[in-house]
Amino acid sequence: PIDEYFNISLIFATLFFAIFYVTFLAYKLSRQDKIELGDTLLILINAFIFYGFGFVILSENETGAQLLGLFTLGNGLIHFMVSAFIYQKKLGDKKLLYLISGLVLVFITAAIPVQLDGNWVTLLWALEAAILFWVGRTKDVPIYEKISYPVMFLAFGSLLDDWEGVYRAYISSGTEMITPIFN
């Protein structure tokens, strides 16, 4: 059933997201209003509902299922262009810029496991964490350093998952058990 309305549902979701996003940002930027908790929630809800509907629409389609990582990265690119525009034109307050930049990082981080699996997820998350940490320390942007810690945690969890998978394959191959770390 969803294949029948694939194009129209994706277009409708995209237009709904874009109209709300552009209208909200234009209103806030033209009035130079400060971003409050309610505003933050509206932006996040709009972004994640659009992503959720788009993800479901694409995953139910044979061709679309292959594009889930690209769709996730595209969401990050949309927010990156908005944050670059706000930064370049020096519009709005810093909270809005940090919020939209945070959405960029969330979608880039999410695109990695959506498109890839196994060791690639661990390697790319570790690389992302290292870059964020380096930028935070060398450019004196503490928010990037703080963001790097959860990404490091994700990379470490992914590493443990990779090790567990290798260990399970090793055990199922019939070789004797080994004791990791305390051997």
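For clarity, every value in this text was computed on a predicted model and none was experimentally measured. (Residues numbered from 1 in each chain as written. Predicted model: local features only at pLDDT ≥ 70, side-chain atom pairs only at ≥ 80, totals over all residues. Heavy atoms only, no water.)

1. Re the overall build of the chain
For step 1, the next point in the chain: Within the chain one finds six helices and zero strands.
For step 2, the next point in the chain: The secondary structure elements of the chain, listed N-terminal to C-terminal, are α-α-α-α-α-α.
For step 3, the next point in the chain: Its C-alpha atoms give the chain a radius of gyration of 20 Å, clearly above 16 Å, the size a compact globule of 183 residues would have.
For step 4, the next point in the chain: The dimensions of the chain, computed from C-alpha atoms along their principal axes, are 70 × 50 × 25 Å.
For step 5, the next point in the chain: Per-residue burial for the chain yields a buried fraction of 31% across its 183 residues.
For step 6, the next point in the chain: When the accessible area of the chain is evaluated, it comes to approximately 12,300 Å², of which 71% is carbon and sulfur surface.
For step 7, the next point in the chain: Each charge class in the chain can be summarised by its mean position, and for the 11 positive and 16 negative side chains these summaries are 20 Å apart. (Helix = DSSP H or I, 4+ residues; strand = E, 2+ residues; numbered from the N terminus. Rg over C-alpha atoms; globule rule 2.2 N^0.38 Å. Buried < 20%, exposed > 50% of the residue type's maximum accessible area, 1.4 Å probe, protein only. Areas by Shrake-Rupley, 256 points an atom, 1.4 Å probe, with all protein chains shown as cover. Lys, Arg positive; Asp, Glu negative; His and termini not counted. Charge placed at Lys NZ, Arg CZ, Asp CG, Glu CD.)

2. Let's talk about the pattern of salt bridges
For step 1, the next point in the chain: In this structure the tally under the stated criterion is five salt bridges.
For step 2, the next point in the chain: Among the salt bridges present, the one from arginine 168 reaches glutamate 164, with a minimum N-O distance of 2.2 Å. Of this pair, arginine 168 and glutamate 164 both sit in helix α6 (residues 142-172), separated by four residues, roughly a single helical turn.
For step 3, the next point in the chain: Residue glutamate 164 is classed as partly exposed on the basis of its relative accessible area, which comes to 34%.
For step 4, the next point in the chain: It is possible to trace a salt-bridge network through shared partners that takes in Lys28, Arg31, Asp33 and Asp39. (Salt bridge = Lys/Arg side-chain N within 4 Å of Asp/Glu carboxyl O.)

3. Description of the nonpolar core
For step 1, the next point in the chain: Membership of the largest hydrophobic core comes to 24 residues, with the highest contact counts inside it found for Tyr21, Leu25, Ile43, Val82, Ile86, Leu96 and Ile100.
For step 2, the next point in the chain: Of all the elements, helix α1 (residues 6-31) adds the most residues to this core, at seven residues.
For step 3, the next point in the chain: Among all residues touching valine 82, those that are not within four sequence positions of it are Tyr21, Leu25 and Ile100. (Core = buried A, V, L, I, M, F, W, Y, C linked by side-chain atoms within 4.5 Å. Contact = heavy atoms within 4.5 Å.)

4. A few points about helix α2 (residues 37-59)
What sets the pattern is the α-helix's 3.6 residues per turn: residues three or four places apart point alike.
For step 1, the next point in the chain: Here α2 contains 23 residues, and its C-alpha end-to-end distance of 32 Å stays within 8% of the 33 Å for a straight helix at 1.5 Å per residue.
For step 2, the next point in the chain: Buried within α2 we find Asp39, Ile43, Asn46, Ala47, Phe50, Tyr51, Gly54, Ile57 and Leu58.
For step 3, the next point in the chain: Packing partners of the buried residues in α2 comprise α1, α3 (68-89) and α4 (94-115). (Expected span 1.5 Å × (residues − 1).)

5. A closer look at α1
For step 1, the next point in the chain: Over its 26 residues, α1 runs 38 Å from end to end, which matches the ideal 38 Å to within 8%, given 1.5 Å per residue.
For step 2, the next point in the chain: One or two positions beyond α1, positive phi appears at glutamine 32, with a value near 55 degrees.

6. Quick look at a nonpolar patch on the surface
For step 1, the next point in the chain: Together, Leu37, Leu41, Ile45, Ile49 and Phe53 line one region of the surface with nonpolar side chains, adding up to about 530 Å² of accessible area.
For step 2, the next point in the chain: Mapped onto the fold, isoleucine 45 is located in helix α2.
For step 3, the next point in the chain: Given the relative accessible area of 48%, isoleucine 45 is considered partly exposed. (Patch = residues over 30% accessible without salt bridge, like charges linked within 9 Å, V, L, I, M, F, W, Y side chains within 5 Å.)

7. Points about the environment of serine 30
For step 1, the next point in the chain: Here serine 30 is to be found in helix α1.
For step 2, the next point in the chain: When the C-alpha atoms of serine 30 and aspartate 93 are compared, they prove to be 12 Å apart, with 63 residues separating the residues in sequence.

Shape descriptors only; they carry no functional weight alone.
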